[in-house]
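Observations on chain architecture
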Amino acid sequence: MTVIRFRLSCIGLLNRGQRNISIFSNATPSNLNKVVSDAEKIVGYPTSFMSLRCLLSDELSNVAMHVRKLVGTKHPLLSTARGFIYDSRNNLQMRGLVVLLMSKAAGPSQHTASDLLPQDMVSGIYPSQRNLAEITELIHTAFLVHRGIVNLKEWTNSDGPLKDMQFGNKMSVLSGDFLLANACTGLAQLNNTKVVELISSAIGDLVQGIYHEIPNSLEDNSLTDEINMVTWEEQTFLSHGALLAKSCQAAMELAKHDKDAQGLAYKYGKHLSLGHKLNSDLQLFVKSSSADPETFSFNSAPVVFHRQIVGQERWCHQLQQLRSTIKLEKGVTSTIDLCRYHGNKALESIQCFPSSEARSALENIARAVTKF
């Protein structure tokens, strides 16, 4: 059922028109690479190896052989595949890393069941929690692959480009389904009903978040008429934060932590994700010198803030002028304030955990993804 839901979400995107989808975040603070590198040493091994067993399987190797046929085309699946091999911004495995750090920071529960022994832990993390981190990454990767499906209506009927895109779409569906199926198998092997419920609901949230996204079109007059920052945060949490938040909570459940600890872990994942998304949305306004139609998002927080503040009567329909206006008015400053708010809330949520290298790493990540 989860595979079908992911497919339907992709179909829904195509029926509403193709979007410019950023497969990997293009907005990463300069010191995040070092923060991630230091954090990986704490959890025992680089998180880029977490999904290696799945990615090197015979089944996916066969898919990769076919994906090579897309070389020279513009299909987004190639960009996703490159990210598996070389991810200079450390974004691909960030979710799994946070889950591992959260597991280590919380440590074993005082109410640990007899089947969970401290000697079973490796670098302070239970094997089931490491498996959960892998599952989280597989789900996220499957989500990225499925979102790369191209709207064929945008392509001509000539044999070359159209056939390339059709073939690429088939490979995206096949490889995304494979990754998601492996994630679901691993999830069942955890033998924890609550964890299955949490991660399954996160998959549902991802699908719902896609449907709620608004068209990225300047001509669409209903662009932000019915959305304010409250609804923006709700929708962004579904598509960008639910998986990490619920994975952090699930990691606490696997170690038999109480509801309070699970709630704190959930809050950290939620606020970290929202802070990172706000930071990413701000980059076009605080770093770029011009507005590129290919990267400018009308779903971004500064644009929504601006539309909410100025209203329909002062809405500008010239891209470069709109960007300049948003920079001069409160759209950017309001987004920065909200980003810092979520960063601070993420930091607050883990203060109850014992002081440790893992907690410090979580704090450093929260500061890095909300730094300007």
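Coordinates for the structure precede this section.
This text gives an overview of the structure that appears in the document. (Residues numbered from 1 in each chain as written. Predicted model: local features only at pLDDT ≥ 70, side-chain atom pairs only at ≥ 80, totals over all residues. Heavy atoms only, no water.)

A closer look at the overall build of the protein
This is how the line gets drawn: Helix and strand labels come from DSSP, where a helix needs a run of H or I of at least four residues and a strand needs a run of E of at least two; each type is numbered from the N terminus. Classification of residues uses two cut-offs on accessible area relative to the type maximum, computed with a 1.4 Å probe and protein chains only: under 20% is buried, over 50% is exposed, and between them is partly exposed. Whether two residues are in contact is decided by their heavy atoms: any pair within 4.5 Å suffices.
Within the protein, the secondary structure is distributed over 15 helices and zero strands. Looking at the protein as a whole, 53% of its 372 residues are labelled buried. Residue pairs in contact within the protein that sit at least 24 positions apart in sequence constitute 81% of those at least 6 positions apart.

Remarks on the packing of aromatic side chains
Pairs of aromatic rings are described using the distance from one ring centre to the other and the angle between the two planes. Threshold: A pair of Phe, Tyr and Trp rings is counted when the ring centres sit within 6.5 Å of each other, with Trp represented by its six-membered ring. The angle between the planes then sorts it: under 30 degrees is stacked, over 60 is edge-to-face, the rest tilted. Charge over a ring is defined by NZ of Lys or CZ of Arg lying within 6 Å of the ring centre and within 35 degrees of the ring normal.
Evaluated as defined, the whole model comprises one aromatic pair. The ring of F237 carries K270 above its face, with NZ or CZ at 5.8 Å from the centroid.

Looking at the environment of V98
Here V98 shows up in helix α6 (residues 94–106). On a C-alpha basis, the gap between V98 and A39 in space is 9.0 Å, while along the polypeptide they are 59 residues apart. Excluding residues that lie within four positions of it along the chain, V98 makes contacts with L244, C248, Y268, L272, L362 and I365.

Description of the side chain of S109
Quick reminder of the rule: We define a polar contact as two N or O atoms separated by no more than 3.5 Å, with the added condition that, inside protein, one atom must be a possible hydrogen donor and the other a possible acceptor, whereas residues neighbouring each other in sequence contribute only through side-chain atom pairs.
You can see S109 is positioned in the loop between α6 and α7 (127–147). Polar contacts involving the side chain of S109 include one to the main-chain carbonyl oxygen of K256, which spans 3.0 Å.

Things to note about the environment of S247
Along the chain, S247 turns up in helix α10 (residues 229–254). Measuring from C-alpha to C-alpha, the distance between S247 and R95 comes to 8.6 Å, with 152 residues separating the pair along the chain. Apart from the residues lying within four places of it in its own chain, the contact partners of S247 are V99, L132, T136 and I199.

Notes on the packing of α6 against α10
For any two helices packed against each other, one specifies the crossing angle of their axes together with the interaxial distance. Where we set the bar: Orientation is described by axes fitted as lines to C-alpha atoms, over the contacting stretch for helices, and by angles from 0 to 180 degrees between their N-to-C directions. An angle counts as roughly parallel when it lies under 35 degrees, as roughly antiparallel when it exceeds 145, as roughly perpendicular when it falls between 65 and 115, and as oblique in every other case. By convention, the crossing between two helices is left-handed when the near helix turns anticlockwise from the far helix through less than a right angle, and right-handed when the turn is clockwise. Following the grouping adopted for this structure description, the nonpolar residues are Ala, Val, Leu, Ile, Met, Phe, Trp, Tyr, Cys and Pro, the charged ones are Asp, Glu, Lys and Arg, and the polar ones are all others, Gly among them.
In contact at an axis separation of 9 Å, α6 and α10 are set at 30° when each is read in the N-to-C sense. Relative to α10, the element α6 lies roughly parallel. Here the hand of the crossing between α6 and α10 comes out right-handed. Every residue of α10 that contacts α6 at R95, V98, V99, M102, S103 and A106 is listed here: H240, L243, L244, S247, C248, A251 and M252. Per-class residue counts for the contact of α6 with α10 are nine nonpolar, three polar and one charged.

Overview of the pattern of salt bridges
Heads up, the rule is: Counted as salt bridges are all cases of a side-chain nitrogen of Lys or Arg within 4 Å of a carboxyl oxygen of Asp or Glu.
In this structure the tally under the stated criterion is five salt bridges. For E348, the salt bridge identified is with K345, shortest N-O distance 3.7 Å. Within this pair, E348 and its partner K345 are both found in helix α14 (residues 330–349), separated by three residues, close to a single helical turn. Judged by its relative accessible area of 48%, E348 is partly exposed.

Considering unusual backbone geometry
Positive phi outside glycine occurs at N191, with the angle close to 55°. The residue N191 is located in the loop between α8 (159–189) and α9 (193–212) in this model. A positive phi angle is found at K256, which is not glycine, with a value near 65°. Following the sequence through the fold, K256 ends up in the loop between α10 and α11 (259–286). Using a relative accessible area of 32% as the deciding quantity, one classes K256 as partly exposed.

Examining the packing of helix α2 (residues 32–43) against helix α15 (residues 357–368)
Where α2 contacts α15, the axes come no closer than 10 Å and their chain directions differ by 160°. Looking at the two axes, α2 sits roughly antiparallel to α15. As α2 runs across α15, the sense of the crossing is left-handed. Across from L32, V35, A39 and I42 in α2, the residues of α15 making contact are E357, A358, A361, N364, I365 and A368. For the contact of α2 with α15, the residue count by class is eight nonpolar, one polar and one charged.

Quick notes on α6
We count it as follows: Helix span, expected: 1.5 Å multiplied by one less than the number of residues in the helix.
For α6, with 13 residues, the first-to-last C-alpha span of 18 Å sits near the 18 Å given by 1.5 Å per residue. The element α6 is extensively covered by neighbouring structure, given that twelve of its 13 residues are classed as buried. All of the buried residues in α6 are M94, R95, G96, L97, V98, V99, L100, L101, M102, S103, A105 and A106. On its buried side, α6 packs onto α2, α7, α10, α11 and α15. G107 sits one or two residues past α6 and shows a positive phi near 70°.

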